[in-house]
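Residues per chain are reported as follows:
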2 protein chains.
Amino acid sequence: MATIKDVARHAGVSSATVSRVLMNQGNVSAKTAAAVQKSIAQLGYHPNALARQLRRQHTQTIYVIIPSIDNTFFSEVYRGIESEALVHHYQAFLVNTNNDKNQENLFLSALVQKQTDGIISLSAAAATGVIERQVAGLPMVIACQYLEDGSLPNVAIDNIAAAKEAVTHLLDLGHRNIGCLSGPATNVLYRDRLTGYLRALAEHDIPVNMGYVSYGNSTLQSGYDRGLELLLGHPEITAVFAAGDVMAIGSMKAARRLGRRIPQDYAVVGFDDLDITRFCDPPLTTIHQPMFEIGKYSMQTLLDLIEGKPTQNQRLLEYRLIVRESTVEHA
Amino acid sequence: MATIKDVARHAGVSSATVSRVLMNQGNVSAKTAAAVQKSIAQLGYHPNALARQLRRQHTQTIYVIIPSIDNTFFSEVYRGIESEALVHHYQAFLVNTNNDKNQENLFLSALVQKQTDGIISLSAAAATGVIERQVAGLPMVIACQYLEDGSLPNVAIDNIAAAKEAVTHLLDLGHRNIGCLSGPATNVLYRDRLTGYLRALAEHDIPVNMGYVSYGNSTLQSGYDRGLELLLGHPEITAVFAAGDVMAIGSMKAARRLGRRIPQDYAVVGFDDLDITRFCDPPLTTIHQPMFEIGKYSMQTLLDLIEGKPTQNQRLLEYRLIVRESTVEHA
DNA sequence: AACAATTCTGATAACGATTACATTTTGAGT
DNA sequence: ACTCAAAATGTAATCGTTATCAGAATTGTT
């Protein structure tokens, strides 16, 4: 690979001059600039980003930590991040932790070493790791989740209120025995959504049966498994609130297998509003999260952080309940 | 951030010694090693990867180019890549091009500059860009697709044979008017699958009606749109071969909307065997691709390339038809 | 033609690590 | 104690850039 020196020699100038045209910060005559450009093209020269970044002490690069790459929810948030990064000439890279603590640790220390300008984590768990490891100081924002000690800026929706609205929708339809398919209790997100579920019940003076809430792991299969259990163990349940569309879809299959018709015998509401929910049979009633915007604002916040501007510590975006055909008045 | 010099000073040794314990390549007494380790811990030192890589001239890093991050097919392939990378102490990063030529170009030149050790592209289009730009020389392999001039190693399945098998399955069930939901004709993958479709028909002496083939863009929506068109324009069609599960699922909604029962009135077979296909209603008959293995072998091939070992230029893995409930004997 | 002000350009010191080579220290064997 | 090889350490060059500073070339003004 050609280096800047090769170009300099080829163009008959010093490497400083080549660097100047590379950075095009003026102060170089049109003639030599042209000559240098020509040499660059002829030699197929590409500046070495490593060397440049080492010298400049910043990378114009951010990394996004994603807990599980196969969830399209995260992909959409990522797209928002990416598009915003692009307009600010930052480059976004993705790391996938597979929900694996080991992997997270590995990546985090790798990222610190990589001298990235900033990190957006879509997992509060990973973020906790960072802080324990005292690599704070590296600009970082959390998207979709948040740290309970509020130590890092975050952008998300109000999950408690949203979940409450979803469950209230079921209550308004006359359902009284409502199951809850939650995610891992270690995750704030699912704790909040569970809280919303409980509050909605409380507001309608419905006694809580903790047997109605089941904890899955956000996969289709666990939506199916937990959904099956729920219906088998509590046949009186007529509706379910799933704290994620993926689990909702899994549970719909479980209901069908038990001969329940959706929505007549079993109403289901999801959470997230993934693309696929419009193509289910029946289309899923769910909470819409502005995924793209969450990504976009996360990136904006990160940029503020990088540039040392003051930032809002918590940014809550708008959600909304989208009623489709998977919920109907209780018979 | 503490540098190696800080550690050296703190431990009362030279930076060379610190480097030696960092690389733990022996030749340093247990006593000083311990002292250095202690200083490292105390100062919270992390080696600067940029500097290290600049000096060592390799990064232990590979990048994976993904055309669209929201397709779970790619995620699964990526997981295979990642797991294999991990055991070889390589770090895999992801870049998403959103099927956008501009983005691809941007990323590619960025990657060259980043001095990565290698690239795995899940898009032949991106790979073509690389070659035009004469940044060959950078180890690179293509997964799932291939370049028609055979200039880069690739690992995939035999898409022609697989598509042919899928369509033959429909023919064996007695279907004669079979639609084809293809992807962009610019993509070898879809051209191959279309070829498979045509060959199956030819083998059964069924005249081809090119009106039966429609070109979508691999989204749920386009599966729906093209599927609707197909059924509206050619109501005599009783089965469809979709060159991707995502489009298959979209088209199922279109069929339902027109009052067709699946599979009785309309049989559909997909391609890929995404997780979601098991949770559709009805579960989708499809071609299973060994996504994880494709990823794994791609990474192995890339490593061989990096280490200068001889590599197999084309590796075809096994696929298989999985018959579920979306296909049934033609009435 | 002389001079100052301006614009270009080149030498060189960083950035933070690794490593070849030189040097010192250690320790075993006598 | 002395020698000598082996082990441990230090010095300094290097990776490919950018940025500071100083010097050279150009321009404009009188």
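Refer to the preceding data block for the structure.
As the structure is a computational prediction, the values presented were derived from the model and not from experiment.

Engineer: Help me out: how do you make sense of the pairing of strand β3 (residues 118–121) of chain A in this one?
Structural biologist: Regular strands have side chains that alternate between both faces of the sheet. All names here are of chain A. Covered by surrounding structure in β3 are G118 and I120 together with I119 and S121, the residues of both alternating faces. Relative to β3, strand β1 (residues 61–66) runs parallel, the two being bridged by 4 bridges. Residue pairing for β3: V64 is matched across the bridge by I120. Pairing geometry for β3 and strand β4 (residues 140–143), over 3 bridges, is parallel. Across the sheet, the residue bridging to I119 is M140, located in β4.

Engineer: Explain the protein's contact with DNA strand D to me, please; I cannot follow it from the model alone.
Structural biologist: Surveying the vicinity of DNA strand D reveals 25 residues, the closest of which are I4(A), S19(A), R55(A), S14(B) and R20(B). Each atom of DNA strand D within 4 Å of the protein belongs either to a base or to sugar and phosphate, the latter forming 65%. Interatomic distance of 2.8 Å between a side-chain N/O atom of R52(A) and a phosphate oxygen of DNA strand D. The separation between a phosphate oxygen of DNA strand D and a polar side-chain atom of T32(B) is 2.8 Å. Elements with a minimum of two residues in the surface near DNA strand D: α2 (15–22) and α4 (49–56) of chain A together with α2 (15–22) and α4 (49–56) of chain B. The element contributing the most residues to the surface near DNA strand D is α4(A), with 4 residues. The class makeup of the residues in the surface near DNA strand D is 10 nonpolar, 10 polar and 5 charged.

Engineer: How do you make sense of the side chain of T286(A) when you look at a structure like this?
Structural biologist: Residues and elements named next belong to chain A. Residue placement: T286 occurs in strand β10 (residues 286–288). A distance of 2.7 Å separates the side chain of T286 from the side chain of D245, its partner in a polar contact. Within the local environment of T286, its side chain forms a polar contact with the backbone nitrogen of F271, the two atoms lying 2.9 Å apart. In this structure, T286 is in contact with D245, G270, F271, D272, D273, R320, L321, I322 and R324, ignoring residues within four places of it in sequence.

Engineer: How should the protein's contact with DNA strand C be read in this particular structure?
Structural biologist: What surrounds DNA strand C is a group of 26 residues, the closest being R20(A), I4(B), S19(B), N48(B) and R55(B). Among the atoms of DNA strand C lying within 4 Å of the protein, the sugar-phosphate backbone contributes 68%. At a separation of 3.0 Å, a phosphate oxygen of DNA strand C approaches a polar side-chain atom of T32(A). Taking I4(B), its main chain carries an N or O atom lying 2.3 Å from a phosphate oxygen of DNA strand C. Top contributing element to the surface near DNA strand C by residue count: α4(B), with 4 residues. Counted by class, the surface near DNA strand C contains 10 nonpolar, 11 polar and 5 charged residues.

What counts and how
- Residues numbered from 1 in each chain as written.
- Chains lettered and ligands numbered in written order.
- Predicted model: local features only at pLDDT ≥ 70, side-chain atom pairs only at ≥ 80, totals over all residues.
- Heavy atoms only, no water.
- Buried < 20%, exposed > 50% of the residue type's maximum accessible area, 1.4 Å probe, protein only.
- Helix = DSSP H or I, 4+ residues; strand = E, 2+ residues; numbered from the N terminus.
- Pairing = 2+ DSSP bridges.
- Near = heavy atom within 4 Å.
- Polar contact = N/O pair within 3.5 Å; in protein donor to acceptor, adjacent residues only side chain to side chain.
- Nonpolar A, V, L, I, M, F, W, Y, C, P; charged D, E, K, R; others polar.
- Contact = heavy atoms within 4.5 Å.

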